[in-house]
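Fold and geometry: a report
Chain residues, written in single-letter form:
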Amino acid sequence: MIVVMGATGNVGRPLVEALAAAGEQVTAVSRSVSDAVVPKGVRHRQADLTVPESLRPVLDGADALFLHDGGGSAALLNPRDIVDVAKAGGVGRIVLLSSIGVATRPQSSSHGGMMRSIEDGVRQSGMDWTILRPGGFNSNAYAWAESVRAQRTVAAPFGDVGLPTVDPADIAEVAATALREDGHAGQFYELTGPALSTPRQRAEAIGDALGEPIRFVEQTRDEAHAHMVRFMPEPVVATTLDAIGEPNPAEQRISPDVERVLGREPRTFADWVQRHIAAFR
């Protein structure tokens, strides 16, 4: 049995679907339960990563675990407690969804720094582990959906700074491979898209998919900061703005790891938009 934490998220949902389609026995775990969000035949259970004891019933008898950061609650997690519960349940393989920031901004005290402590706990677990380090998600564009629907407008900072954002479905397929197949233990995979794209170009791709022009409004850093602190911790906002405004070479590097694991090129942002265009109509 494979347990997927964060099963209703942008990576967890396609991961559960991929595993179920491959005939695996899957337990989908999230903080709230809705039978409508998992494929037929998949067991859906409620648990909270920040309360490791809540994981015991869902991990009992599991062979493998997909773990993430608790929905942005990395500072509240005790990775050793989670690992101990997983091992007690019989888990021998763990795939962790981490962040490229662990490698590119190792001195950061925000999300990348917190994720390093979780990575360390997984690496010291004694289980077979694989760590996934994606860059920015294509699905971050959902933040633009309301303004696109209402005004056909996208507002974002650093309009012409390119990053190789990645399709969450590609992350999910890499995770499914590492959970199901041998040969991935002890590996770090940096997951990116196939090319650099800028916020302005991503807005244009949404317009192309809609068949209507999208107006791009470039925010100042201060304007973006004021908006982002409404839903993100301030230190994370500061680090994020640094990374998207002045990315270092490692953050702009196009990684070969998606193709190396899956045997195909990663999907483009335009591919992602075509599949999710209903959110922007």
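Cut-offs applied
Residues numbered from 1 in each chain as written. Predicted model: local features only at pLDDT ≥ 70, side-chain atom pairs only at ≥ 80, totals over all residues. Heavy atoms only, no water. Helix = DSSP H or I, 4+ residues; strand = E, 2+ residues; numbered from the N terminus. Polar contact = N/O pair within 3.5 Å; in protein donor to acceptor, adjacent residues only side chain to side chain. Contact = heavy atoms within 4.5 Å. Buried < 20%, exposed > 50% of the residue type's maximum accessible area, 1.4 Å probe, protein only. Arc of directions from axis to C-beta. Pairing = 2+ DSSP bridges. Axes fitted to C-alpha atoms, helices over the stretch in contact; angles between N-to-C directions. Parallel < 35°, antiparallel > 145°, perpendicular 65-115°, else oblique. Left-handed = near helix turned anticlockwise from the far one by under 90°. Nonpolar A, V, L, I, M, F, W, Y, C, P; charged D, E, K, R; others polar. Salt bridge = Lys/Arg side-chain N within 4 Å of Asp/Glu carboxyl O.

**As for the side chain of Thr153**
Locating Thr153 in the fold gives a position in strand E7 (residues 153-157). Side-chain polar atoms of Thr153 contact the backbone oxygen of Gln151, separated by 3.1 Å. Excluding anything up to four places from it in sequence, Thr153 contacts Trp144, Ser147, Val148, Ile214, Arg215 and Val217.

**Things to note about helix H3 (residues 79-88)**
Looking only at H3, the buried set comprises Pro79, Ile82, Val83, Val85 and Ala86. When H3 is viewed along its axis, its buried side chains cluster within an angular range of 165° and face the same direction. Of the residues trailing H3, Gly90 is marked for its positive phi of about 105°.

**Regarding the sheet that holds strand E5 (residues 93-97)**
A sheet is described by the order of its strands in space; here seven strands give the open sequence E3-E2-E1-E4-E5-E6-E8, paired in parallel fashion. Of all strands in the sheet, those bounded by a partner on one side alone are strand E3 (43-46) and strand E8 (187-191). Averaged over all pairs of adjacent strands, the angle between strand axes in this sheet comes to 15°, irrespective of strand direction. As paired elements, strand E1 (residues 2-5) and strand E2 (residues 26-30) share four bridges and run parallel to each other. Bridge pairing links Val3 to Thr27 in E2. Of the strands in this sheet, E1, strand E4 (64-67), E5, strand E6 (128-134) and E8 are in contact with helix H7 (residues 168-180), which crosses E5 at around 165°.

**Topic: the side chain of Ser197**
By the element assignment, Ser197 lies in the loop between E8 and helix H8 (199-210). Non-local contacts of Ser197, meaning those with residues more than four positions away in its chain, are made with Val161, Gly162, Leu163, Thr165 and Arg202.

**Things to note about the environment of Phe137**
Assignment of secondary structure puts Phe137 in the loop between E6 and helix H6 (145-151). Sequence separation between Phe137 and Glu265 is 128 residues; the distance between their C-alpha atoms is 16 Å. When neighbours within four sequence positions are excluded, Phe137 is seen to be in contact with Val11, Thr165, Val166, Pro168 and Ile171.

**Points about the pairing of E4**
Side chains of E4 alternate between two faces, with Ala64 and Phe66 and Leu65 and Leu67 buried alike. Relative to E4, E1 runs parallel, the two sharing three bridges. Bridging across to E4, Ile2 finds its partner in Ala64. Two elements, E4 and E5, share four bridges in a ladder whose sense is parallel. Looking across to E5, one finds that Leu67 is bridged to Leu96.

**Let's talk about the packing of helix H1 (residues 12-21) against H7**
The interhelical angle for the contact between H1 and H7, taken along N-to-C directions, is 45°, at an axis separation of 8 Å. On the basis of the axis angle, H1 is oblique to H7. Between H1 and H7 lies a crossing of right-handed hand. Here Pro14, Leu15, Ala18 and Leu19 of H1 lie close against H7, whose contacting residues are Pro168, Ala169, Ala172, Ala175, Ala176, Leu179 and Arg180. Along the lines of polarity and charge, the residues of the contact of H1 with H7 split into ten nonpolar, no polar and one charged.

**Notes on the pattern of salt bridges**
In total, this model carries 19 salt bridges according to the counting rule given. The shortest N-O distance in the salt bridge between Arg180 and Glu24 comes to 2.8 Å. Taken as a pair, Arg180 in helix H7 and Glu24 in the loop between H1 and E2 lie far apart in primary sequence, 156 residues in all. You can call Glu24 partly exposed: its relative accessible area is 29%. Each member of the salt-bridge network shares a partner with another, and the members are Asp170, Glu173, Arg264 and Arg267.

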